[in-house]
Structure formats: C-alpha cells, structure tokens
Amino acid sequence: MEKIGNTSILKFALTAYELVKQTMPKYSSKFSKKTFTLRQHAVIICLKIREDKNYREIVEMLVEMPRIRRAIELDEIPHFTTLCKAFDRLQSKLWRSLLKDTSELLELNGIVTIDSSGEERSRASRHYTKRINLHIQELKVTLLVDTAENAIIDAHMTTTRKHDTQIAPKLIKRCFELICTLLGDKGYDDQEIRKMAKDLGIRPLIKHREFTNLHKAWNARMDSDLYGQRNQSESVNSSIGRNYGSHIRSRAWYRQFREVIVKCAVHNIDRSIE
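Rules and cut-offs
Residues numbered from 1 in each chain as written. Predicted model: local features only at pLDDT ≥ 70, side-chain atom pairs only at ≥ 80, totals over all residues. Heavy atoms only, no water. Axes fitted to C-alpha atoms, helices over the stretch in contact; angles between N-to-C directions. Helix = DSSP H or I, 4+ residues; strand = E, 2+ residues; numbered from the N terminus. Parallel < 35°, antiparallel > 145°, perpendicular 65-115°, else oblique. Contact = heavy atoms within 4.5 Å. Nonpolar A, V, L, I, M, F, W, Y, C, P; charged D, E, K, R; others polar. Buried < 20%, exposed > 50% of the residue type's maximum accessible area, 1.4 Å probe, protein only. Pairing = 2+ DSSP bridges. Core = buried A, V, L, I, M, F, W, Y, C linked by side-chain atoms within 4.5 Å. Arc of directions from axis to C-beta.

As annotated in an unreviewed UniProt entry, the protein carries the name Transposase and is attributed to candidate division MSBL1 archaeon SCGC-AAA382M17.

Here it is, written out as structure tokens:
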C-alpha cells in the first residue's frame, strides 16, 4: 500500500500547534479539569475557520480525523459547547500574538499596504433584508499586508463608520518597526499621517486627492511600479473571503473581532505551507 504523506490540513494543524505552544498558556486556570488544553482548543478553532465550519461540524470532522487528533495530542473529542466557551476564554491579545507569530513564518520586505474592506455580520440574503427593511451592518476591517508574500501583519476592526484616516495612525504606530514603505489609496490622504510616518522612519506612498494641479503633479511623479503593489491588499481581502467565508459566524461583537484576527492568522499559516 502506498504511504500517504502529510496533507495540507495536517501540515496546517502541526504548524498551528507549534505556534500556539509559544503564544498561549496551557490552561486557563490552575483549577482547570485539564481534560483539554487551551492550545488544543485554539488549533481546533483555527481548523474551524480554515474549513469554514460551525462548532458542531468541526467536532464531527475531528471524529473522522485520527491523524489530526494525534498531531495535537487530543485523546478525547470535545463537545461543541466546550469550544464555544474556550473561544470566550481565549482573549484577543492572545490571538494577536498568534497573528504576529504567523506573519514571521513568511518573508517580509517592509513594503506594506493598508486597505479596508467589509465583513458581513449576518448570513441573511440581501433580498430578504431589503424586503423586511433590515440593514445589515458590516464590520470595517483594515489590514496591513506585507507585499513580499502577502503576510498580514496586523488588523483593525470597527463596527462604526470611522474614516480611514482615523484608523491608520493606530495601526502604523503598532507596527512601525515592520514598515519601511507604506502604500495607501486616496482614502488615507492626510498630511498628519504622512508626517507621523516620516517621523517613524517610514516612507509614505499615499495618493493625493486631486483638488489642484499640484496634487495631480504629485500623483504623476509617484513611483507607479511600487505603488502598483498596493493592489495586493485587495487580493488578500478577496482571498480571505473566498477561502474562509465572506461572513462572520459569531454574534457578539468581541467574538466577531476575534474571528477576523483568527482568519488573518489562518491565512498566514496557509501561505507558509503552500
């Protein structure tokens, strides 16, 4: 019988398990029953996002996946409600640490794009919501993407209609050590952002809104080949939607934020094992 090598899902589980061992505590409390570890829960949640399943479905998959269970040292199958509770205990700062570690799996060149997109917070069809006069709110998700291998280095989420120029400074300050050149569209046209970036040693390559001939001249002199890499952030947004679902399954806002961060970490791990 031909020996089956490591599949992509097994490689994913092995990589994710090694990373969460560095990032997350083994147990949430010294009073834990110690039947499962937080690290095992974290990997299962990552698999759930990767396979675009709900909690019941990922538990059913684990029953039929002994190699995955062995990879994460899982002796018993957790109940789906156990995973729900674990997701509540795994705070956003732990997922952000995981995201940072996953970005380091990929080559980074310091040329970083910033762009925002919307994540649907409901699975209801647009036809249905229009018929009953219900407006679906979307999470506004802003990503920092390194152009070398499309690694996501940070993400910002908001439920409000906050302008791009209000979001960018927080992301830039948080990741300035990883950014040499910042690429942004006209939504980030703000002199304060440019000044802050330069003060942090970052070259801002942000399109100007063309109110005068001087603005048109500045845009014309921009390095078009370098600025053209900005489109990669749109490709990453599209890829996440196609691969991991275009909607958010969680209902509470803080779980929705965490789900987006996990999607970004899953994207990085998948890129690293390709």
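Back to the write-up after that little detour.
(A) Geometry of the packing of helix α2 (residues 38-50) against helix α3 (residues 55-63). Running from N to C, α2 and α3 cross one another at 105°; their axes reach a closest spacing of 10 Å. In this view, α2 runs roughly perpendicular relative to α3, as classed from their interaxial angle. Residues Ile 44, Leu 47 and Lys 48 of α2 form the contact with α3, whose participating residues are Tyr 55, Ile 58 and Leu 62. Taken together, the residues of the contact of α2 with α3 sort by class into five nonpolar, no polar and one charged.

(B) Structural view of the pairing of strand β1 (residues 111-120). Where burial is concerned, most of β1 is hidden: seven out of the ten residues are buried. Bridging between β1 and strand β4 (residues 181-184) involves three bridges; their strand directions are parallel. Directly across from Thr 113, in β4, lies its bridge partner Leu 183. As defined by bridge partners, β1 adjoins strand β2 (residues 138-146) across nine bridges and the pair is classed as antiparallel. Across the sheet, the residue bridging to Val 112 is Asp 146, located in β2.

(C) Fine view of the nonpolar core. With 54 residues, the main nonpolar core has Phe 12, Met 24, Ile 68, Leu 90, Trp 95, Leu 98 and Leu 143 as its most contacted residues. Top contributing element to this core by residue count: helix α13 (residues 253-273), with nine residues. Setting aside its immediate chain neighbours within four residues, Phe 12 contacts Cys 46, Leu 47, Arg 50, Val 266, Ile 269, Asp 270 and Ile 273. Core analysis: the next-biggest nonpolar cluster, separate from the first, contains 17 residues, Val 112, Leu 144, Ile 202 and Ile 206 among them.

(D) Layout of the sheet that holds β4. Spatially, the five strands line up as an open sheet ordered β3-β2-β1-β4-β5, and their pairing is mixed. Among the strands making up the open sheet, the edge pair consists of β3 (151-158) and β5 (203-206). The sheet shows a mean angle of 25° between the axes of neighbouring strands, taken without regard to direction. Taken together, the four bridges between β4 and β5 define a ladder with parallel strand orientation. In the sheet register, Leu 182 faces β5, and the bridge partner there is Pro 204.

(E) How the structure looks around helix α5 (residues 80-89). Inspection of α5 places Leu 83, Ala 86 and Phe 87 among the buried residues, and these make up the whole buried set. Taken end-on, α5 shows its buried residues confined to a sector of 100°, consistent with a single buried face.

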